[in-house]
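# Analysis of the macromolecular model
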Amino acid sequence: MTNDSYDKPMPEPTPDSAPYWAGLQQHKLLLQKCAGCGRIRHYPRPMCDACYSTDVTWVEAAGRGKVHSWTITHHAFVPGFRDELPYVLATVDLEEGVRMNAQLRGADPVSLRIGLPVRVDYERAREGLTLPILRAEG
Amino acid sequence: MSLREVGAVTGVGETAYSRDSGRSVLALQLEASLNAIRDAGLDPKDIDGIIPYAGAVVAEDFVTNFGIPDLRFSATTPLGGASCVAGIQAALAAIKAGICRHVLLPIGRNGSSGGRIGMRVQQMPQFRVVGEFEMPLGAIAPAQLYAPMARRHMELYGTTSRQLGEIAVSTRGNAILHGNAMMTRPMTIDDHQASRMISDPLRLLDCSLESDGGAAIVVSGAEYARDLRKRPVYVTGIAEGHPDSPSAITQRPDMTRLGLAKAAPKAFAMAGVTPADIDVAEIYDCFTYIVLCQLEDIGFCKKGEGGPFVESGAIRLGGELPINTHGGLLSQAHVVGMNHVVELVRQLRGEAGPVQVTDAEIGLVTGYGDMGDGSVAIMRRG
């Protein structure tokens with residue numbers, strides 16, 4: 001029962017997204033690449049909106065990107081995040097052309113700006129769940 | 001083929017707005033509906049179409065409680081806060097097709113005493129993608145999901161928190177004048193600036209209320225609207241619009257543009273008017289920034305100029321475009337924007353009392369929902 005003290009929202013992986021979540025466990029950010037036309041898409045989903053293929057390969061992202069926008073959260077909407085306040089949620093343009101969202105750790109709020117270079121890192125949230133985080137590129 | 005003048009809003013109704021209604025959601029919706037139906041001079045058994053807000057209450061509940069003998073049309077338009085105005089489009093389409101004459105659009109909820117927003121949205125299918133990929137990271141509530149849109153607007157265009165504050169302050173002023181509003185204490189820009197940060201740049205006073213209450217309207221075919229109790233308010237232009245990347249704001253090509261930007265030109269073309277013709281507008285205001293962005297997406301000002309536009313006093317009563325004359329979701333109550341439709345109809349009937357916009361003939365109402373869905377209706381007094 002001790003593990004069930006985790007009081008944050010848990011993802012419920014689907015057949016479409018299971019490789020993404022499994023990749024995070026191995027500290028890899030995996031993106032879907034359409035096997036039909038080669039387009040990279042995110043978040044994981046069944047179909048390519050360009051060619052309608054459902055065949056994908058998974059490619060490992062370089063893990064580098066630039067801040068597109070952000071918010072600094074001061075209010076915990078569920079109790080599990082109370083101890084982390086305030087935290088920065090950054091939306092990031094990855095080199096692969098898609099965006100990701102994650103907590104940006106260790107950045108001075110006044111340093112935040114569009115285009116700030118960041119890199120992807122990983123953090124074990126609980127047994128069986130690793131989440132992506134971001135760190136300002138040094 | 002167009003929905004222009006196909007129908008009119010013939011009845012509007014509300015319940016009292018409170019923090020704890022002590023009543024069931026269905027009871028709230030029935031009271032608001034009965035008020036709207038009687039406002040139109042109709043009997044509940046005249047209703048032959050129902051578009052409930054997607055949720056706990058279904059069309060069958062109204063058939064059961066009103067004894068409706070021949071319901072011919074029911075549907076839902078699950079666009080979150082854009083549902084109510086999108087529902088008017090669905091009602092008009094059904095009327096135009098000859099399926100029904102008088103469509104009831106009810107909404108009501110115990111948004112304060114019941115489930116709070118952070119937990120509530122997790123149940124909505126429109127939040128499924130965000131639920132899997134963003135909520136586990138700590139991006140849970142709409143304030144957190146929407147704040148990056150506001151932040152990017154600020155970074156690109158120099159929009160300020162004080163400018164967002166002007167929206168909260170002017171809306172509060174309207175609520176106080178209006179009389180039927182939850183928030184009755186005057187607010188200044190300094191009050192707004194002193195309110196605690198929720199998810200930067202959105203402060204507490206940038207956020208809408210959580211309310212218990214209900215509101216409803218009746219939309220009738222134009223040929224039936226003429227002979228009813230109140231002056232009809234005709235719908236001259238209407239559209240819904242879905243943004244690119246409608247499941248996650250994170251992936252949106254242009255984060256400062258909403259689905260409304262696609263819908264508004266269609267609605268204006270249908271109505272044959274321009275933004276300059278609008279006398280009064282009720283703009284969906286779940287957050288102050290969402291108002292500012294919609295003002296731009298509609299074309300009341302250019303993209304990026306929403307801050308100076310609101311700061312000029314344009315949106316105040318007596319300004320060039322009074323908005324949210326009832327106090328909106330920010331200060332009247334959060335009933336998912338049906339109160340915006342109710343208020344616009346009252347404005348165009350000349351029934352708006354202390355917040356009446358002088359000679360209001362043409363008005364506009366919007367909805368905004370989920371990850372940026374938009375809806376807009378342009379109406380004229382009959």
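Source: prediction; values computed, not measured. (Residues numbered from 1 in each chain as written. Chains lettered and ligands numbered in written order. Predicted model: local features only at pLDDT ≥ 70, side-chain atom pairs only at ≥ 80, totals over all residues. Heavy atoms only, no water.)

Let's shift gears to the pattern of salt bridges. All names here are of chain B. Using the criterion set out here, one finds 23 salt bridges over all chains in the structure. A salt bridge links E5 to R380, with the nearest nitrogen and oxygen atoms 2.7 Å apart. Taken together, the residues E5 in the segment before β1 (7-14) and R380 in strand β11 (residues 373-381) connect sequence positions 375 residues apart. For E5, a relative accessible area of 25% puts it in the partly exposed group. Since its relative accessible area comes to 29%, R380 is described here as partly exposed. The residue E14 makes a salt bridge to R346 at a minimum N-O spacing of 2.6 Å. Note that E14 is positioned in strand β1 and R346 in helix α14 (residues 338-349), a separation of 332 residues in sequence. Overlapping salt bridges bring together D39, K230, R349 and E351 as one network. (Salt bridge = Lys/Arg side-chain N within 4 Å of Asp/Glu carboxyl O. Helix = DSSP H or I, 4+ residues; strand = E, 2+ residues; numbered from the N terminus. Buried < 20%, exposed > 50% of the residue type's maximum accessible area, 1.4 Å probe, protein only.)

For the rest of this paragraph, the subject is the interface of chain A and chain B. Listed by partner, the interface residues are 35 residues for chain A and 33 residues for chain B. Carbon and sulfur atoms make up 60% of the surface buried where chain A meets chain B, a total of about 2,900 Å² over both sides. The largest share of the area that chain A buries against chain B comes from Y43, F77 and R99 of chain A, three residues that together contribute 24% of it. For the pair chain A and chain B, the number of links is 0 salt bridges. Applying the counting rule to chain A against chain B returns 21 residue pairs in polar contact (both at pLDDT 80 or more). For the side of chain A that touches chain B, the elements supplying multiple residues, two or more each, are α1 (18-25), β4 (64-73), β5 (87-94), β6 (99-105) and β8 (129-136) of chain A. A total of 6 residues in the side of chain A that touches chain B trace back to one element, the largest contributor, which is β4 of chain A. (Contact = heavy atoms within 4.5 Å. Buried area = accessible area lost by both parts, 1.4 Å probe. Polar contact = N/O pair within 3.5 Å; in protein donor to acceptor, adjacent residues only side chain to side chain.)

All names here are of chain A. Taken domain by domain, chain A comprises domain 1 (12-60) and domain 2 (62-138). Taking the mean C-alpha position of each, domain 1 and domain 2 sit 21 Å from one another. Between domain 1 and domain 2, the contact holds 13 residues from the first and 14 residues from the second. Overall, the association of domain 1 and domain 2 removes approximately 1,100 Å² of surface from exposure, summing both partners, and the carbon and sulfur fraction of that is 66%. Per-residue buried area on domain 1 facing domain 2 is highest for Q25, H27 and L29; these three make up 41% of the total on that side. One can count 0 salt bridges joining domain 1 with domain 2. (Domains from an automatic or database assignment.)

Turning our attention to the packing of helix α7 (residues 161-178) of chain B against helix α11 (residues 288-298) of chain B. Residues and elements named next belong to chain B. Packing of α7 against α11 brings their axes to within 9 Å, and their N-to-C directions diverge by 100 degrees. With respect to α11, the element α7 is oriented roughly perpendicular. On α11, the residues touching L164, I167 and A168 of α7 are T288, Y289, V291 and L292. Broken down by class, the residue content of the contact of α7 with α11 amounts to 6 nonpolar, 1 polar and no charged. (Axes fitted to C-alpha atoms, helices over the stretch in contact; angles between N-to-C directions. Parallel < 35°, antiparallel > 145°, perpendicular 65-115°, else oblique. Nonpolar A, V, L, I, M, F, W, Y, C, P; charged D, E, K, R; others polar.)

Residues and elements named next belong to chain B. By the criterion of burial, strand β8 (residues 233-241) is predominantly enclosed, with 8 of the 9 residues buried. Note that β8 and β11 share 8 bridges and pair antiparallel. Within the sheet, the bridge partner assigned to G241 lies in β11 and is G374. (Pairing = 2+ DSSP bridges.)

Counting 106 residues, the largest nonpolar core has I88, I217, L295, L364 and M379 of chain B as its most contacted members. Here the element with the most residues in this core is helix α3 (residues 83-96) of chain B; it accounts for 8 residues. Residues contacting L295 of chain B, with those up to four places away along its chain left out, are I283, F300, C301, F309, V310, I315, L321 and I323 of chain B. With 32 residues, the next largest nonpolar core counts W21, A90, V98 and V120 of chain A among its residues. (Core = buried A, V, L, I, M, F, W, Y, C linked by side-chain atoms within 4.5 Å.)

Note on backbone geometry: most residues besides glycine have negative phi, and most peptide bonds are trans. For the bond from H42 of chain A to Y43 of chain A, the omega torsion is -5 degrees, close enough to zero to count as cis. Within the element layout of this structure, Y43 of chain A appears in the loop between β2 (40-41) and β3 (56-60). Cis geometry is adopted by the peptide bond preceding P201 of chain B, which originates at D200 of chain B and carries an omega value of 10 degrees. Among the structural elements, P201 of chain B can be located in the loop between β5 (197-200) and β6 (202-203). Although it is not a glycine, H27 of chain A sits at a positive phi angle of roughly 60 degrees. By the element assignment, H27 of chain A lies in the loop between α1 and β1 (30-34). Given a relative accessible area of 44%, H27 of chain A falls into the partly exposed group. Non-glycine residue Y52 of chain A carries a positive phi angle of around 70 degrees. Among the structural elements, Y52 of chain A can be located in the loop between β2 and β3. Relative accessible area serves as the criterion here: at 57%, Y52 of chain A is assigned to the exposed category.

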